[in-house]
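Residue-level listing of the chains:
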Amino acid sequence: MTAGPLVVLVGPMGVGKSTVGALVAERLGCAYRDTDDDIVADKGRTIADIFVDEGEPVFRAIEKSAVHKALAEHDGVLALGGGSILDADTRALLAGHRVVYLSMDVEEAVQRTGLNAARPLLAVNPRRQWRELMEARRHLYTEVARAVVPTDGRTPEEVAQAVLDALELKEA
């Protein structure tokens, strides 16, 4: 196992990576970090604004840099942005880490993200767009993950416990 985060969470937007990540970190007695938060703090702008003003390729380059920095620096629980796994270098860096893919079905996704204007990739026809995103990304999430934890119909606390159980990690 390489040095770096104790746990890395990946999955689609709205799956609960931030909420679950903070709970897992609390239970393990370590720090929590979210690369989306890092980007917002570093750039002083929301991710949606960067997407709209600069375009997806510029955002993905910023995201790649933020993820690589966090993987090198952070030793607690790390949540990655939903599209971060699109980058082959990032996927290669995730090898050897305890990566958990938090999954959910389309109906749950639409409930969680469908009306959120801050989700630029789901602005029009969220159900269809989410399905298309997942068709393009699901195999990549699965490729980098040591474990898959479904979130449908579960509380964040239940998902956090499932993450700990899947990785056979004990609470602090």
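As the structure is a computational prediction, the values presented were derived from the model and not from experiment.

## Topic: the pattern of salt bridges
Then, in step 1: Counted according to the given criterion, the structure contains 11 salt bridges.
Then, in step 2: Close ionic contact of Asp42 with Lys43 constitutes a salt bridge, the shortest N to O distance being 3.7 Å.
Then, in step 3: On the basis of relative accessibility, which here comes to 39%, the residue Lys43 falls in the partly exposed class.
Then, in step 4: Between Arg60 and Glu63 there is a salt bridge, and its shortest N-O distance comes to 2.8 Å. Within this pair, Arg60 and its partner Glu63 are both found in helix α4 (residues 56–73), separated by 3 residues, close to a single helical turn. The burial state of Arg60 is the same as that of Glu63; both residues are buried.
Then, in step 5: Salt bridges here are not isolated pairs; linked through shared partners, they connect Arg33, Asp38, Lys69 and Glu73.

## Here's the deal with the environment of Leu80
Then, in step 1: Examined against the element boundaries, Leu80 turns out to sit in the loop between β3 (77–79) and α5 (88–94).
Then, in step 2: Overall, Leu80 belongs to the buried group, its relative accessible area being 1%.
Then, in step 3: It is 7.8 Å that separates the C-alpha atoms of Leu80 and Lys17, two residues lying 63 residues apart in sequence.
Then, in step 4: Beyond its immediate sequence surroundings of up to four residues, Leu80 is in contact with Val8, Leu9, Val10, Lys17, Thr35, Val67 and Leu94.

## What about the pairing of strand β4 (residues 99–103)?
Consecutive side chains of a regular strand alternate in pointing toward one face of the sheet and then the other.
Then, in step 1: Counting buried residues in β4 gives 5 out of 5 residues, a clear majority hidden from the surface.
Then, in step 2: Burial along β4 is two-sided: Val99, Tyr101 and Ser103 and Val100 and Leu102, pointing in opposite directions, are all buried.
Then, in step 3: For strand β1 (residues 7–10) and β4, the ladder comprises 3 bridges, and the chain directions are parallel. Along β4, the bridge assignment pairs Leu9 with Val100.
Then, in step 4: The sheet contact formed by β4 and strand β5 (residues 147–150) spans 4 bridges and is parallel. Opposite Tyr101, over in β5, you have Val148 as the bridge partner.

Quick notes on the rules
- Residues numbered from 1 in each chain as written.
- Predicted model: local features only at pLDDT ≥ 70, side-chain atom pairs only at ≥ 80, totals over all residues.
- Heavy atoms only, no water.
- Salt bridge = Lys/Arg side-chain N within 4 Å of Asp/Glu carboxyl O.
- Buried < 20%, exposed > 50% of the residue type's maximum accessible area, 1.4 Å probe, protein only.
- Helix = DSSP H or I, 4+ residues; strand = E, 2+ residues; numbered from the N terminus.
- Contact = heavy atoms within 4.5 Å.
- Pairing = 2+ DSSP bridges.

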